[in-house]
Amino acid sequence: MFYQPVEPINASAAPDVDAAVARARQFSRYFERILTAEPGLLHPIDLLTPFEVACATADDAAALTRDELQQMLRRLRKQAMATLIVRDMAGWADLAEVTQTMTRLAECTITAALDWVTNDLAHSTGTPRGSTGRPQQLHVVGMGKLGGGELNVSSDIDLVFVYPEDGDTDGTRVLSNHEYFLRAGRALIGLLAELTTDGYVFRVDMRLRPYGDSGPLATSFEMLENYLITQGREWERYAWIKGRVITGEQGNELMALVRPFVFRRHLDYSALASMRELHSQIRREVERRDRADNIKLGRGGIREIEFIAQVFQLIRGGHDAALRRQPTLDVLALLAERGLLPSAVVAELTQAYVFLRNLEHRLQYRDDQQTHALPVSADDQADVARSMGYADYGAFIQVLSGYREAVARHFDALFAEARAEQHALAPLWIQSSDTQSGTARLGELGFQRAAELQSRIAHMHDSARYRQMPAGSQSRFDRLVPLAIESAAGGGNADATLERLLVFLEGISRRESYLALLEEYPQARAQLTALMRASPWVAQYLTQYPILLDELLDARTLNTPPDWPALAALLHAAVNDAEDDAERQMDVLRHFKHAQTMRLVAQDLAGTLPLETLSDHLSDLACVILAETVRLAWQGVRQRHRPVPAFAVIGYGKLGGKELGYASDLDLVFLYDDDAPEAAENYARLAQRISTYLTSVTAAGQLYDTDLRLRPDGASGLLVSTLPGFRDYQMKQAWVWEHQALTRARFTAGDTAIGDAFEAIRRDVLCRPRDLQALRAEIVAMREKMHAAHPNRSGLFDVKHDPGGIVDVEFIVQYLVLGQAHRHAALAGNIGNLALLKLAAQLQLIAPVPADAAHAAYREFRRLQHTLRLQGERYARVPRESVDLHAAAVRTLWQHVMANA
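Residues numbered from 1 in each chain as written. Predicted model: local features only at pLDDT ≥ 70, side-chain atom pairs only at ≥ 80, totals over all residues. Heavy atoms only, no water.

## A closer look at the overall build of the chain
Next, step 1: Of regular secondary structure, the chain possesses 39 helices and 14 strands.
Next, step 2: Considered along the principal axes of its C-alpha atoms, the chain spans approximately 110 × 80 × 65 Å.
Next, step 3: For the chain, buried positions account for 54% of its 901 residues.
Next, step 4: Contacts in the chain between residues at least 24 apart in sequence constitute 74% of all its contacts with a sequence separation of at least 6.
Next, step 5: Surface exposure of the chain reaches about 38300 Å², of which carbon and sulfur atoms provide 51%.
Next, step 6: Here the chain carries 97 positive and 114 negative side-chain charges, and the mean point of each set is 4 Å from the other. (Helix = DSSP H or I, 4+ residues; strand = E, 2+ residues; numbered from the N terminus. Buried < 20%, exposed > 50% of the residue type's maximum accessible area, 1.4 Å probe, protein only. Contact = heavy atoms within 4.5 Å. Areas by Shrake-Rupley, 256 points an atom, 1.4 Å probe, with all protein chains shown as cover. Lys, Arg positive; Asp, Glu negative; His and termini not counted. Charge placed at Lys NZ, Arg CZ, Asp CG, Glu CD.)

## Here's the deal with the nonpolar core
Next, step 1: If you look at the biggest cluster of nonpolar residues, it comprises 223 residues, and the most contacted ones within it are Trp-240, Phe-355, Leu-359, Phe-396 and Phe-647.
Next, step 2: A total of twelve residues in this core trace back to one element, the largest contributor, which is helix H29 (residues 611–635).
Next, step 3: Core analysis: the next-biggest nonpolar cluster, separate from the first, contains 64 residues, Phe-51, Ala-113, Leu-146 and Met-206 among them. (Core = buried A, V, L, I, M, F, W, Y, C linked by side-chain atoms within 4.5 Å.)

## Here we look at a negative patch on the surface
Next, step 1: A cluster of acidic residues, Glu-579, Asp-580, Asp-581 and Glu-583, forms a negative patch at the surface.
Next, step 2: The residue Asp-580 is located in the loop between helix H27 (564–577) and helix H28 (582–605) in this model. (Patch = residues over 30% accessible without salt bridge, like charges linked within 9 Å, V, L, I, M, F, W, Y side chains within 5 Å. Salt bridge = Lys/Arg side-chain N within 4 Å of Asp/Glu carboxyl O.)

## Regarding the pattern of salt bridges
Next, step 1: Within the structure shown, the criterion is met by 56 salt bridges.
Next, step 2: Ionic pairing is found between Lys-242 and Glu-150, a salt bridge with its closest N-O pair at 2.6 Å. Taken together, the residues Lys-242 in the loop between helix H9 (234–240) and strand S7 (244–245) and Glu-150 in the loop between helix H6 (144–147) and strand S3 (157–163) connect sequence positions 92 residues apart.
Next, step 3: Linked by salt bridges that have partners in common, Arg-29, Arg-33, Arg-366, Asp-367, Asp-380, Asp-383 and Arg-386 make up one network.

## Topic: the packing of aromatic side chains
Next, step 1: Across all of its chains, the model carries 21 aromatic pairs by this definition.
Next, step 2: Note on Tyr-163 and Phe-181: the rings are 4.8 Å apart at their centroids and 15° apart in plane angle, and the pair reads as stacked. You can see Tyr-163 sitting in strand S3 and its partner Phe-181 sitting in helix H7 (residues 177–193), a full 18 residues away along the chain.
Next, step 3: Judged by its relative accessible area of 2%, Tyr-163 falls in the buried class.
Next, step 4: By relative accessible area, Phe-181 is classed as buried at 1%. (Phe/Tyr/Trp six-rings, centres within 6.5 Å; stacked < 30°, edge-to-face > 60°.)

## Section: H7
Next, step 1: Relative to the 24 Å expected for 17 residues at 1.5 Å per residue, H7 spans 24 Å between its end C-alpha atoms, a close match to the ideal helical length.
Next, step 2: Taken together, the buried positions of H7 are occupied by Asn-177, Tyr-180, Phe-181, Leu-182, Ala-184, Gly-185, Leu-188, Gly-190, Leu-191 and Leu-192. (Expected span 1.5 Å × (residues − 1).)

## Looking at the packing of helix H36 (residues 806–820) against helix H39 (residues 884–898)
Next, step 1: Closest axis-to-axis distance for the H36/H39 pair is 10 Å, and the angle between their directions is 25°. By the angle class used here, H36 and H39 are roughly parallel. Crossing of H36 over H39 shows left-handed handedness. Contacts between H36 and H39 pair Asp-808, Val-809, Phe-811, Ile-812, Tyr-815 and Leu-816 from the former with Val-890, Leu-893, Trp-894, Val-897 and Met-898 from the latter.
Next, step 2: Considered class by class, the residues forming the contact of H36 with H39 number ten nonpolar, no polar and one charged. (Axes fitted to C-alpha atoms, helices over the stretch in contact; angles between N-to-C directions. Parallel < 35°, antiparallel > 145°, perpendicular 65-115°, else oblique. Left-handed = near helix turned anticlockwise from the far one by under 90°. Nonpolar A, V, L, I, M, F, W, Y, C, P; charged D, E, K, R; others polar.)

## Side note on the confidence of the model for the chain
Next, step 1: Looking at the chain as a whole, its pLDDT mean stands at 91, while 97% of the residues score no less than 70.
Next, step 2: The low-confidence segment residues 1–5, where pLDDT is below 50, has 17 contacts with residues more than four positions distant or belonging to other chains. (pLDDT = per-residue confidence, 0-100.)

## Quick notes on the side chain of Asp-707
Next, step 1: With respect to the helices and strands, Asp-707 occurs in strand S10 (residues 706–707).
Next, step 2: With relative accessibility at 15%, the residue Asp-707 sits in the buried group.

## Some points on unusual backbone geometry
Of all residues except glycine, most have a negative phi; of all peptide bonds, most are trans.
Next, step 1: Residue Asn-493 is not a glycine yet carries a positive backbone phi of 55°.
Next, step 2: Positive phi, close to 65°, is recorded for Gln-844, a residue that is not glycine.
Next, step 3: Assignment of secondary structure puts Gln-844 in the loop between helix H37 (833–842) and helix H38 (848–870).

## Some words on the packing of helix H5 (residues 95–122) against helix H14 (residues 343–367)
Next, step 1: Packing of H5 against H14 leaves a shortest axis separation of 10 Å and a crossing angle of 55°. In terms of orientation, H5 and H14 fall into the oblique class. As H5 runs across H14, the sense of the crossing is left-handed. Each of Leu-95, Val-98 and Thr-99 in H5 lies in contact with H14, whose residues at this interface are Tyr-353, Val-354, Arg-357, Asn-358, His-361 and Tyr-365.

## With respect to the environment of Arg-284
Next, step 1: Relative to the assigned elements, Arg-284 resides in helix H11 (residues 270–288).
Next, step 2: A relative accessible area of 46% places Arg-284 in the partly exposed class.
Next, step 3: For the pair formed by Arg-284 and Gly-298, sequence separation is 14 residues and the distance between their alpha carbons is 10.0 Å.

## Description of the environment of Leu-836
Next, step 1: Assignment of secondary structure puts Leu-836 in helix H37.
Next, step 2: Distance from Leu-836 to Leu-816, taken between C-alpha atoms, is 8.9 Å for residues 20 residues apart in sequence.

## So, the pairing of strand S9 (residues 666–672)
Next, step 1: Counting buried positions along S9 yields seven of seven residues, so the element is predominantly enclosed.
Next, step 2: Across the two faces of S9 the burial is the same, with Leu-666, Leu-668, Phe-670 and Tyr-672 and Asp-667, Val-669 and Leu-671 all buried.
Next, step 3: Relative to S9, strand S8 (residues 647–652) runs antiparallel, the two sharing six bridges. Bridge pairing in S9 places Phe-647 opposite Tyr-672.
Next, step 4: Bridging between S9 and S10 involves two bridges; their strand directions are parallel. Its bridge partner lying in S10, Leu-666 is registered against Thr-706. (Pairing = 2+ DSSP bridges.)

## Some details on the environment of Leu-314
Next, step 1: Considering the arrangement of structural elements, one finds Leu-314 in helix H12 (residues 302–316).
Next, step 2: A residue is classified by how much of its surface remains accessible, and Leu-314, at 1% relative accessible area, is buried.
Next, step 3: Each C-alpha atom, one on Leu-314 and one on Met-275, is 9.6 Å from the other, the two residues being 39 residues apart in sequence.
Next, step 4: What Leu-314 contacts, discounting residues up to four positions off in sequence, is Arg-237, Tyr-238, Ile-241, Val-262, Asp-268, Ala-271 and Met-275.

## Thoughts on the side chain of Glu-107
Next, step 1: Of note, Glu-107 is situated in helix H5.
Next, step 2: Overall, Glu-107 belongs to the buried group, its relative accessible area being 16%.
Next, step 3: Here Glu-107 is in contact with Arg-244 and Ile-246, once residues within four sequence places are set aside.

Encoded structure:
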C-alpha cells in the first residue's frame, strides 16, 4: 500500500498551463469563482514556479488606509490560493510547497497587519513601555499547524497574544500596556478575519490563550508563566509543542518561559495516559457527531499521526532538544533516526500523513471551506477520487481505508490501555495486613522467606510514603506491586529479586512518570526484573538512577553494539543544546554515561559481551566523556588565550590498559605544549575544571572518581606538566614504579599532536636499556610493599592481591617490557597484558607452557573479579581450592621470571 502522487500533466513535455488551469477549474468551485470574478488574477508564466509571498514592509503598510491594506492582503491570499490549486492539482507542487506557502502567507499578512496597527495606534497612544522605558511589542505566537510550519490551505490560524511586561504608553492619550495590547489584538484580528467584498485573509482562533474564551485577549509574559505553572492543563502542553513566535523581538525569552511547562526535565511517561484521555475525548465527540468520515479527527486520521509524534516529544523533549522541533514529518523522521519507532512504522505513518494532508487540501480546494469530511454526493466523490489520481471513488476509498487502518493500528499499539482488571495477586498488596494468608500465598509462589517478605510488603503498604502519594501515583503503585511479585516469582533467586524490586518501587514512588513507564511497557518490567535478578550491583545502580528505565524499553537499542563516533556526536549536540547552563551540561554528561553503561550491563548479563570487549567499550566511553569534558572545561576558562587548548589527557592504569570496569576510577595525567605566557595558569585552571566536572556529585550522580597522583612528583607536583618537562622527568627523575605505570599509559583526549608526542616519549622511556638484576629487585620490592598494604585474613584467595593473582601477572609483564623492550620494541606497544604475555612467549623470553597457563589464569581472575563486583562484593575473594591451579601457574611463572631477584 503506497500512495501514488498525482502524475504531473504532460510529465514528458513542457508544462501545459492551460490544461493545469482547466483541471483546477474542474476540481475547485472556489477557483472557478475567483477566476471568473477576476480573470487577470493569475499570469500563466507565474504558475510554473512556486508562489513567492512578497511581504509588505512596515513603511509600505503604514502608507495604506485600513481599507487599502485589507484589500491588498485579501488579494494576496487569493493569488496564493489560486496558484497553489493549479500547481497542486497539476502535480507540480508537493505537500511541502503547499504548507510552507500557506505558512509564509500567514506570517507575512500577520506581520503587515500588526505593523499597520502599531503605526495607527502610535498617533494617539504612543508606544507602550516597560518599567525601564524599553518599548514593548505584541508577540504573536502561532499555534497548531501555523506554529508547525505546516498550515493547510483553508485553515484558520490559532494565535496567542503576549507582551513582555505591564506599564503605560507614552502618547498624549495614556493607556496601560494591557489595554493597549487588547486594542492592538482586536484590530489585528479585524484586519485578518473580517469578511469584506474581497473575502477574508484568515479566520482567527484565539481559544488557546490562557483561560480560553473567558481570558483576556492579550497577557503579559509574567501572567502567561503564572498561568502555565498554576493552571496549565495537559492538553495545553500538547498545544504549546507547536507554539512559535511570529512577531516580537523577545521571542526567545518568551519561549524560555513556556519550555519547562511543555518539556519536563525528567522523562515524562505519564504523557501517554494524558494523550490517551485527550484522544478518547476527541473520539467520543467524533462518534457523537457521527464524523467517522472525518480524515482529521476520525479513526486513523491526521490527528492520530500527530499524537504519535507529539507523545514522544512530551516524554523526551526535556532531555532531547532535537525533539522540540515542530513539523510533524520532521519529528517522525527523528523518531526513526533515534530508534524510538521502527523505520518501517515511520515510513507507513509518513506515507499516510502525506496522503491524508493532500486529500485534506483537495477537500478544502472545492469551496475554500475548512472541512475534513469526505463528500456525500456521487459527483463530488468522483471528483475527489480523480483529483487524487484514482479512476473511481471505490478504488480511492480502498487505498484511503488501508492508510487509515495502518495509522489506527500503530496508534493503538502505542496507546493501548493497560489492563484494567484486578491482578490475581492484588490481595497480597491490598490486604497485606492479612499476615497468615499472605505468607501462605507467597510460599505457594516459591518464595523461601515468605513471612519476611510478607512483613516487608505490609510495612510498605502502611508507610507514610505510600499514604502521602498522589491518588494517581497510588493507583499505579497498587497495580505495579502485584506485577512485581509475579515477575520475581517467575525465575530463580526470587526472594532477593522481589526485595530489590520493592526497594526500587519505593524509590520511584513519588515519580509518577517512572511508575507510568513500568505500567505502560511490560517489556520494560521484564527487563528490569531480569537485571534485578542477575546482579545486586545493577539493582543498586538502577535504583540510584531510575532514569535508566528508559533504556530498557527497546531490546534492539539495548543490545546494539555502541557506535562511539556517532554517540560522541550525539553527546556533543546534547551538550551544546544546554549552552549557558553549566549544571545542565554536567547532567547531560552524566545521563549519557549512565545510559551507555546500562546498555553495556544488559549485554554483559545477557552473555553477548566478552569481558575484554566490555572493558574496551567502557574505556572508549570514558574517552568520549573526557573529550567532551575537556571542550566544556576550556569554554569555562574565562581568560583562555586560544580557541582550542594545546592540552592532552593521558590515561594510566585500567583506563590506559583498556581494562576499565563499571566502577573504576580514572588515573589521569595532564600535559600541555604551549609557550604562551598565560599558558601555565590557564591549563592549571583547565585541569582543575576537568577534575571538578568529573568528580562533582549532582542530582544526576557522578561521572568518575579520579586519581591524579601519577603525575610527575606525585601529589606534591604541579597539576599539569609541559611536554618537555614531562619528558625530562621521565628520563632523569622517575622511579621504576612510575615506569611500570607508563607501560599501561595512553593518550585519551585532547590535542592529538601532544598525544603522539607523549607516545614517542613513552616508547623512548620503555625502550631504554636497564640492569635486569636491579630492575628485578626494584619490582620484587614494590610487589612485597603492595602485598603488605593489602592484608587478607579471610582464608579466601584474593584474586587481585594475593601471591599468584592479578598483580603478579601485571608485574611480570611490566618487568619483561622494561627489561626487554630495548631489544624487542614491539613490547613497548600498549596492547594489553594478555597480548604481551603471548608476545613474550613468541619472543622466547618466557616458556610457552607457563606463559599459556598464566594467560588462562589472568583471564579467569579478571572474569571472577568482574563477576564478584556485579554481585556487590567489596573484595574479589574466592575459595582457594577453586583457583589453586591458576594461582600455581602464576606463581610458577613468577619464579621462572623473577628467580634471580
